[in-house]
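The residues making up each chain are set out below.
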Amino acid sequence: MLKYGMLLATTSLLLAGTALTASAEELHIYAWASELPQEIVDDFAKETGINVTMDTYDSNETMMAKLSAGASGYDLVEPSQYTVQVLVKQGLLTELDHAKLPNLSNLGAAFKDVSYDPGQKFSVPYIWGTTGLAYNEDCVKQPITSWKAMWDPQYEGRVYMLDNMLAAYIAGLQVNGLHAGTANPEEIEKATQSLIEQKKILGGYNSSNFGELVASGEACIVQAWNSNVTQILDENPKVHYVIPEEGGSMWIDGFAIPKNAKNVDAAYKFIDYIMKPEVAAKAANLSKSATVVDAAKALLPKEVAENQAIYPPADKLKKVDFILDVGDAMKLYQDGWTKVKTAQ
Amino acid sequence: MRNRRQNVITLLLLAPSLVMAILLLAIPLLVVIAYSFAGRDSYGGVVTGFTLESYVELFQPAYLPIFVNSLKIAAMSTAVCVLIGYPIAYFIAFRAGKHSGLLLALLLIPFWIDFMIRMSSWMVLMGRNGTINGALTGAGIIDEPIRMIGTYPAVMVGMLYAFLPTTVLPIYAALSGINRRLLEAADDLGAGPVEAFWRVTFPLSLPGVMAAMLFVFVPAMGVYAIPVLLGGGKSIILGNLIVQLFLDFRNIPLGAAVSVVMLVLSSVIIVFYMRMLRRLEEAHA
């Protein structure tokens, strides 16, 4: 028995040893897929000598699950607005020391004191965008203006929804004339019924390569986050992005440091780095998404700065919903989503 | 004395794999079981303690369709795999002659490629502008591309492709072990090829068939990628439910409870099956 004990002890020592040998400064980033360009990460690594690794996710919930499960190993995460609220309530984020972020002053006025994180205590906005739909004019003959098109049987089998509970409910609620992010049980139930009904004509749920689906014509219409399709819009003039007249939604993704992060200094350095106008501009240009740094917007090429899929016209932005943490109503969404997913 | 020394040596040789099995299999399994009895707060945190909440929630009507659907898809996949795998195994065992080694190797080569890549390739093959539709429209067989991705048959194709090798191998093993003289005897006694197959070959290959069915049925219930990639995520099974509960809903206790139920379910099936298999083998002996 003693032998096994010793073996176990030596094995764990060996394992611990490998974890301790890392010498250079490191940074482990966990960010939204296709939002943080690899080139920016490489530039930062070159400039600072920090060893950076990046993993990506396509839903806030996946990231939250990893953080709440304990030691995730990540030093920097990129939550959306309501996710910041949930993570703060769970005590999973580090309160930011603004003295370490001199470039924070570059933040645009609209993003300086956001409702979900007053005073930027836990997160620093990075980019913003909208949730709407994209269609391919090869099979959609008249321009689409409403979510209702995603319920239209003439597109049967060629409509894809985001495989993301809260995103799907934006369409489910708004198609009923309701607001996304509601906590009202009857409204959520109504949306659930609409989403179940929609399932008959769906090709599927997809939140990873929906841009390719609509570009290739596999799908006629896909529900979409604008930042994931802006690149495709450039390459394929037949694909159009629309914020539906019912409103659509706006989101802000920003950087935050998990409570158990090991390389906190490197994380601060990265946040500060990406707030430099020229870096923010390069990131926005590469990812084709809207920057929160005003001085960076001025540096953008015209085709990005004037792209309506990236910077929607003001009248559209007036109508968008902004999803905040729904608290206990989350359970209603989850039960509803399970019903949607299991409906035949 | 010598015996004891041999035992010690055996134990020492086994130690690395034992440690691995305990660290990587037994402990995680116990952790999952412990989680399934834990409570949870509304923000997805796990509250340690003992409660049956998750198991009670699991038996709500909302989750029942997923269990039924999983069993259906697993049963259908098993049937399809055995129906297609048996003739292949038969051909390799009885008709391929000196090429049988090569055929077996060809069957196994796809295993060298990552599972996700193989499944993504099927998305390319079955896409609207994919290879299959391209060939069919090019040959003038169809005018409009057929929709394949996001349908039930596409899921079955994925399952068949994923599990065919694990079906063919045990059936092949059973078939190649059959004493050929028994077939000659059947012939001498006036049985035609069909009768000889049903009365001699098939019964003797049954243990292989049953093993193959088990190798398909149990993992098929937990497959995650195939329903998502080829089925469009519309018809979810237990594997998808577990991912949804752990990652999307951050409901670790409920996700753990589903895993435990699935573990019990497959264990029961395996035990029941092994018993039947043993009875079958005894009957032949």
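Definitions and cut-offs
- Each chain carries its own residue numbering, running from 1 in the direction its sequence is written.
- For naming, the first written chain is A and the first written ligand is 1, with later ones following in the order written.
- It should be noted that, the model being predicted, local features are given only for residues of pLDDT at least 70 and side-chain atom pairs only at 80 or more, the latter also being counted only at that level, while totals for whole chains, interfaces and linings use all residues.
- For the side-chain quantities, the full set of heavy atoms in the structure was used; hydrogens and water were omitted.
- Helix numbers and strand numbers start at the N terminus; a helix is a DSSP run of H or I with at least 4 residues, a strand a run of E with at least 2.
- C-alpha atoms define the radius of gyration in this analysis, and the globule rule sets the expected value at 2.2 Å times the number of residues to the power 0.38.
- With a 1.4 Å probe rolled over the protein chains alone, any residue whose accessible area is under 20% of its type maximum counts as buried; one over 50% counts as exposed, and the rest are partly exposed.
- The contact definition used throughout considers only heavy atoms, calling two residues in contact when any of these lie within 4.5 Å.
- Here the Shrake-Rupley method, with its probe set to 1.4 Å, supplies the accessible areas, and only the displayed protein chains count as covering residues.
- Just so you know, the count uses Lys and Arg for positive and Asp and Glu for negative, and it drops His and the chain ends.
- Each charge is placed at NZ for Lys, CZ for Arg, CG for Asp and CD for Glu.
- Salt bridges are counted wherever a side-chain nitrogen of Lys or Arg sits within 4 Å of a carboxyl oxygen of Asp or Glu.
- UniProt positions are given in the numbering used here, feature names are shortened, and annotations may be inferred rather than shown by experiment.
- For the purposes of these results, a polar contact is taken to be a pair of N or O atoms within 3.5 Å, where, inside protein, one atom must be able to donate a hydrogen and its partner to accept one; residues adjacent in sequence count only when each atom of the pair is a side-chain atom.
- Both cavities and pockets are sets of points on a 1 Å grid over the protein atoms alone; in a cavity a 1.4 Å probe fits but cannot get out, in a pocket the set is open with protein on both sides within 12 Å along at least five of seven lines, and lining residues sit with an atom within 4 Å of a point.
- Grid points are joined across faces, edges and corners, and a volume is the space filled by probe spheres set on the points.
- Residues were grouped as follows: Ala, Val, Leu, Ile, Met, Phe, Trp, Tyr, Cys and Pro as nonpolar; Asp, Glu, Lys and Arg as charged; and all remaining residues, including Gly, as polar.
- By convention here, the domain bounds are inherited from an automatic or database domain assignment.

With respect to the overall build of chain A
In step 1: If you tally the helices and strands in chain A, you get 14 helices and eleven strands.
In step 2: Since a compact globule built from 344 residues should have a radius of gyration of about 20 Å, the 22 Å found for chain A is in line with a globular shape.
In step 3: Each principal axis of the C-alpha atoms in chain A carries an extent, and together these give about 70 × 60 × 35 Å.
In step 4: Counting across all 344 residues of chain A, residues that qualify as buried make up 57%.
In step 5: Sequence-distant contacts, at least 24 apart, represent 75% of the contacts inside chain A between residues at least 6 apart.
In step 6: By element, 55% of the accessible surface of chain A is carried by carbon and sulfur atoms, the whole surface being about 14,200 Å².
In step 7: Chain A carries 28 positive and 43 negative side-chain charges, and their two centres are separated by 2 Å.

Quick notes on the pattern of salt bridges
Residue and element names in this part refer to chain A.
In step 1: Within the structure shown, the criterion is met by 13 salt bridges over all chains.
In step 2: In this structure, Asp-265 and Lys-100 form a salt bridge, with 3.6 Å as the shortest nitrogen-oxygen distance. Here Asp-265, found in helix H9 (residues 264-274), pairs with Lys-100, found in the loop between helix H4 (81-89) and strand E4 (124-136); they are 165 residues apart in sequence, far enough to count as distant.
In step 3: Taking the shortest distance from any N to any O, the salt bridge between Glu-189 and Lys-339 comes out at 3.4 Å. With Glu-189 in helix H6 (residues 185-198) and Lys-339 in helix H14 (residues 330-342), this residue pair connects regions lying 150 residues apart in the sequence.

Brief notes about the environment of B:Val56
Residue and element names in this part refer to chain B.
In step 1: One can find Val-56 in helix H2 (residues 53-58).
In step 2: Of the residues examined, Val-56 reaches a relative accessible area of 58% and is grouped as exposed.
In step 3: Sequence separation between Val-56 and Leu-254 is 198 residues; the distance between their C-alpha atoms is 9.6 Å.

So, the UniProt feature "binding site: spermidine" (unreviewed entry) in chain A
All names here are of chain A.
In step 1: The UniProt feature table records "binding site: spermidine" (unreviewed entry) at Tyr-82.
In step 2: For Tyr-82, the location among the structural elements is in helix H4.
In step 3: Apart from the residues lying within four places of it in its own chain, the contact partners of Tyr-82 are Asn-60, Glu-61, Met-64, Leu-166, Ile-323, Leu-324 and Asp-325.
In step 4: Within the local environment of Tyr-82, its side chain forms a polar contact with the side chain of Asn-60, the two groups lying 3.5 Å apart.

Focus: empty space enclosed by the protein
All names here are of chain A.
In step 1: Applying the stated rule across the entire model yields six cavities of 30 Å³ or more.
In step 2: Estimated volume of the largest cavity: approximately 210 Å³.
In step 3: Lining the largest cavity are 19 residues, and of these Asn-60, Ser-80, Thr-131, Trp-225 and Trp-251 lie nearest its centre.
In step 4: Broken down by secondary-structure element, the contributors of at least two residues to the lining of the largest cavity are H4, helix H5 (165-174), helix H8 (226-235) and strand E9 (249-255).
In step 5: No other element matches the four residues that E9 contributes to the lining of the largest cavity.
In step 6: Residues of the lining of the largest cavity, tallied by class, amount to nine nonpolar, eight polar and two charged.
In step 7: The residues that make up the lining of the largest cavity include at least three from each of domain 1 (25-128 + 251-305) and domain 2 (130-248 + 314-342).

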